[in-house]
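Summary of the model geometry
These are the residues of each chain, in order.
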Amino acid sequence: MNRFRHALLRVHPFFTLFECLGILLAYQLGVRVSGRIDAVSALAGSILACTSCVVVMQQSGVRESLREGGLRLLGTLIGVVIGCVYLLIFRFNVWGLLAAIFLQEVVCMLLAIPDNGKMATISLVVVMLVSHFSPNLSPVLNGLLRFTEAAVGASIGIVAVWLLHLPERLRKRRRKHPANASTPAPKPVRIGNPAPENTEIPTTQTRHRKTSSQNPVE
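Summary of the structure given here. Remember, predicted model here, so these are calculated numbers, not experimental data.

Now for the packing of aromatic side chains. In the structure shown here, the tally under the stated rule is 1 aromatic pair. Both rings, one in tyrosine 86 and one in phenylalanine 90, keep their centres 5.4 Å apart while their planes meet at 40°; by these two values the pair is tilted.

Written as structure tokens, this is what we have:
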């Protein structure tokens, strides 16, 4: 029973539902962006958009999602550029695809991109395969579509992570600045020289003592 209870505590249905909505939105936008220009590559575009969205949404915070989104876009750009340059010079074939992947991996290693640019490899493969199934599509337009789809997916993932962590940030802000906290009353400002604390107010007895001490009886 305890194991089952601990297993249930690991389930986060709200996050899962939010992730499903993000993937659905990325899919719809990816299909619509590519479908109006090239219907054959619309499905491939939705794959890139959904992949970028999922990878970004797996991060634990907004800063991490921004960093991951930037890495995804950088990897996509590298894969798209290498794929476009290859397709402008050569036609698609399996050995050329492998050579382009090898070159892309070396570039990512030289640039010290984490995981050697997984997104770059995915983008390169998609660009090459789309050109094979849709030979009339320009390589430059093909690359621009793939980069746009990846950017759309990453943006959706970043916004989703920001919305997921918004209630937590609001709670932390309320703890730091509670609404019912009373402001301390300002201290009164004294004008002029303040009187010393241990000042004695002269009385008639003290005056008599001072005069008697100054005029001793001979």
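Tracing the sequence through the fold places isoleucine 156 in helix 7 (residues 139-164). With relative accessibility at 12%, the residue isoleucine 156 sits in the buried group. Taking the C-alpha atoms as reference points, isoleucine 156 and cysteine 53, 103 residues apart in sequence, are found 6.2 Å from one another. Among all residues touching isoleucine 156, those that are not within four sequence positions of it are Gly22, Leu25, Ala26, Leu29 and Cys53.

This part takes up the pattern of salt bridges. Per the stated rule, a full pass over the model turns up 2 salt bridges. The partner of arginine 72 in a salt bridge is glutamate 68, with the nearest N and O atoms 2.7 Å apart. Taken together, the positions of arginine 72 and glutamate 68, both in helix 4 (residues 62-89) and 4 residues apart, correspond to about one turn of that helix. Like glutamate 68, arginine 72 is buried.

For the rest of this paragraph, the subject is a nonpolar patch on the surface. A contiguous nonpolar patch, built from Ile37, Leu74, Leu77, Val81, Val85, Leu88, Ile89, Phe90, Val140, Leu141 and Leu144 and spanning about 990 Å² of accessible area, is present on the exposed surface. Of all the secondary-structure elements, those providing two or more residues to the nonpolar patch are helix 4 and helix 7. Looking at the nonpolar patch, the element that brings in the most residues is helix 4, giving 6 residues. Mapped onto the secondary structure, leucine 141 falls in helix 7. Leucine 141 gets classed as partly exposed once you look at its relative accessible area, which sits at 32%.

The rules we used
Residues numbered from 1 in each chain as written. Predicted model: local features only at pLDDT ≥ 70, side-chain atom pairs only at ≥ 80, totals over all residues. Heavy atoms only, no water. Phe/Tyr/Trp six-rings, centres within 6.5 Å; stacked < 30°, edge-to-face > 60°. Helix = DSSP H or I, 4+ residues; strand = E, 2+ residues; numbered from the N terminus. Buried < 20%, exposed > 50% of the residue type's maximum accessible area, 1.4 Å probe, protein only. Contact = heavy atoms within 4.5 Å. Salt bridge = Lys/Arg side-chain N within 4 Å of Asp/Glu carboxyl O. Patch = residues over 30% accessible without salt bridge, like charges linked within 9 Å, V, L, I, M, F, W, Y side chains within 5 Å. Areas by Shrake-Rupley, 256 points an atom, 1.4 Å probe, with all protein chains shown as cover.

Purely geometric numbers; function is a separate question.
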